Amino acid sequence: MASSLTSLISDHNRYHKSHHLFLETCNEFQNMKNFISDRLPQILASTVNAKTHLNVFGVGSGNGELDLNILSGLHLKNPEMKVNNEVVEPNPDQLRKYKDLVSQTPGLDFIKFTWNNITADELERQWKEKKMTKKADLIFMFHMLYYVKDPEATISFFHSLLNKNGKLIISQVPDASGWAKLRTIHSKQLGCTDNLCLTTAGIKKLLDSKGLIYKSYVVPSDLDITECFLEGNERGELLLDFLTHVLHFSQSVSPQLKAKVMVSLRHVCSKESKGKVMFNCDTEVIIVE
């Protein structure tokens, strides 16, 4: 983050308020749920079919909605299966929401939860210090590699934990997404870290260098950012914070930089349809064997 700018993630309340609005406004989550229910069971068949016990890691699981969607869907296909789920989530508010969701969702008695309120980097350090030998059948890493110290090392560590036929499931933005284009154009001005600019192309390059086998699937989605262009609109300001990852973006950057970012958001990262500005929020899911 540039010296004069503050990262959005430094303010947990503002971050989660803007993230909640993003989820409410974007169809990414619903499209991911559709991908999980329609395509993922077949993709994971070689890992989970006929299994009576599944070891799972959810790394940076947030409020747990996607993880629970996957596990519930797999359980429907294989009702005898029990799951041991290691949840790794550094944000206490998100972890509390995950626990609340578990308590409010019936039919999850097939899952045993172990709660780890630590970062992926901290888990790796503890794992190595304690010389743990536990292996995993599935590891979920949804949009979390932006926030680790060394994505390559994180991928290598968690891949080393896979059982035979295990799968590492990574989601990240592809190069064609509005996120990638915005960060490519304005990374220096907005102070984006290298990790925040990491796309699936970079991840695939890492995987290729290690000779790992993977397949990828693009999940199209978009976000209505029309309110971002209404001066002083509270929802628009929250979305701008989330899109740029700059705390109080409009008040923190110069008028000249804001104007350039707004041009990029409208004309490079989005398409206009029926009077709305629709930001490209495509996600790519990489399944690593």
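Residues numbered from 1 in each chain as written. Predicted model: local features only at pLDDT ≥ 70, side-chain atom pairs only at ≥ 80, totals over all residues. Heavy atoms only, no water.

A.B. asks: When you look at the overall build of the protein in this model, what are you seeing that I'm missing?
C.D. replies: Helix and strand counts for the protein stand at 13 helices and 10 strands. Taking 289 residues into account, the globule formula puts the C-alpha radius of gyration at 19 Å, and the protein, at 19 Å, falls close to it. With the C-alpha coordinates aligned to their principal axes, the bounding extent of the protein is approximately 60 × 40 × 35 Å. The burial tally for the protein puts 52% of its 289 residues in the buried class. Put simply, 81% of the contacts in the protein that link residues at least 6 apart link residues at least 24 apart. Of the roughly 13700 Å² of accessible surface on the protein, 51% is carried by carbon and sulfur atoms. Each charge class in the protein can be summarised by its mean position, and for the 34 positive and 33 negative side chains these summaries are 4 Å apart. (Helix = DSSP H or I, 4+ residues; strand = E, 2+ residues; numbered from the N terminus. Rg over C-alpha atoms; globule rule 2.2 N^0.38 Å. Buried < 20%, exposed > 50% of the residue type's maximum accessible area, 1.4 Å probe, protein only. Contact = heavy atoms within 4.5 Å. Areas by Shrake-Rupley, 256 points an atom, 1.4 Å probe, with all protein chains shown as cover. Lys, Arg positive; Asp, Glu negative; His and termini not counted. Charge placed at Lys NZ, Arg CZ, Asp CG, Glu CD.)

A.B. asks: Help me understand the pairing of strand E2 (residues 82-88) in this model?
C.D. replies: The side chains of a regular strand alternate between the sheet's two faces. The buried fraction of E2 is high, at 6 of 7 residues. Taken together, the 7 bridges between strand E1 (residues 53-59) and E2 define a ladder with parallel strand orientation. Each bridged residue has a counterpart across the sheet, and for Val59 the counterpart in E2 is Val88. With helix H5 (residues 65-77) bridging E1 and its parallel neighbour E2, the resulting β-α-β unit is right-handed. Relative to strand E3 (residues 111-116), E2 is paired through 6 bridges, and the arrangement is parallel. Note on E3: the bridge partner recorded for Val88 is Asn116. (Pairing = 2+ DSSP bridges. Right-handed = clockwise from strand over helix to strand, strands pointing away.)

A.B. asks: Where do I start with the side chain of Asp137 in this structure?
C.D. replies: Looking at the secondary structure, you find Asp137 in strand E4 (residues 136-142). Here Asp137 is in contact with Thr47, Lys51, His53, Leu54, Asn55, Leu162, Asn163, Gly166 and Lys167, once residues within four sequence places are set aside.

A.B. asks: Explain helix H6 (residues 92-104) to me, please; I cannot follow it from the model alone.
C.D. replies: Spacing of three or four residues puts side chains on the same side of an α-helix, whose turn is 3.6 residues. In this model, H6 (13 residues) spans 18 Å end to end at C-alpha, consistent with the 18 Å of a helix rising 1.5 Å per residue. Its buried side turned inward, H6 meets helix H1 (12-25), H5, E2 and E3. The opening residue of H6, the one whose side-chain oxygen lies 2.9 Å from the backbone nitrogen of Asp93, is Asn91. (Expected span 1.5 Å × (residues − 1). Polar contact = N/O pair within 3.5 Å; in protein donor to acceptor, adjacent residues only side chain to side chain.)

A.B. asks: Would you mind going over the packing of helix H9 (residues 178-190) against helix H13 (residues 255-267) with me for this structure?
C.D. replies: Angle between the axes and distance between the axes: these two values describe a pair of packed helices. Relative orientation of the contacting elements H9 and H13 amounts to 170 degrees, with a least axis distance of 10 Å. Considered as vectors, H9 and H13 are oriented roughly antiparallel to each other. Contacts between H9 and H13 pair Leu182, Ile185, His186, Gln189 and Leu190 from the former with Leu257, Lys260, Val261, Ser264 and Leu265 from the latter. Class assignment for the residues of the contact of H9 with H13 results in 6 nonpolar, 3 polar and 1 charged. (Axes fitted to C-alpha atoms, helices over the stretch in contact; angles between N-to-C directions. Parallel < 35°, antiparallel > 145°, perpendicular 65-115°, else oblique. Nonpolar A, V, L, I, M, F, W, Y, C, P; charged D, E, K, R; others polar.)

A.B. asks: Just to check I follow, could you spell out the pairing of strand E8 (residues 270-273) for this structure?
C.D. replies: Taken together, the 4 bridges between E8 and strand E9 (residues 276-280) define a ladder with antiparallel strand orientation. Within the sheet, the bridge partner assigned to Glu272 lies in E9 and is Val277.

A.B. asks: Looking at this structure, how should I read the pattern of salt bridges?
C.D. replies: Side chains that differ in sign of charge can pair as their charged atoms come close. As enumerated under the stated definition, the model contains 13 salt bridges in all. Glu231 serves as the salt-bridge partner of Lys258, at 3.6 Å between the closest nitrogen and oxygen. Of this pair, Lys258 sits in helix H13 while Glu231 sits in the loop between strand E7 (222-224) and helix H11 (234-244), and the two are 27 residues apart along the sequence. One connected set of salt bridges, linked through shared partners, spans Glu24, Glu227 and Arg235. (Salt bridge = Lys/Arg side-chain N within 4 Å of Asp/Glu carboxyl O.)

A.B. asks: Explain the sheet that holds E1 to me, please; I cannot follow it from the model alone.
C.D. replies: Read across the open sheet, the 7 strands follow the order E3-E2-E1-E4-E5-E10-E6; overall the sheet is mixed. Looking at strand neighbours, the two that pair on one side only are E3 and strand E6 (214-219), the edges of this open sheet. Along the sheet, successive strands turn relative to each other by an average axial angle of 15 degrees, direction set aside. When E6 meets strand E10 (residues 283-288), the two strands line up antiparallel, connected through 6 bridges. The residue of E10 that forms the bridge with Val219 is Thr283. This element, H6, spans E2 and E3 of the sheet and lies at about 165 degrees to E3.

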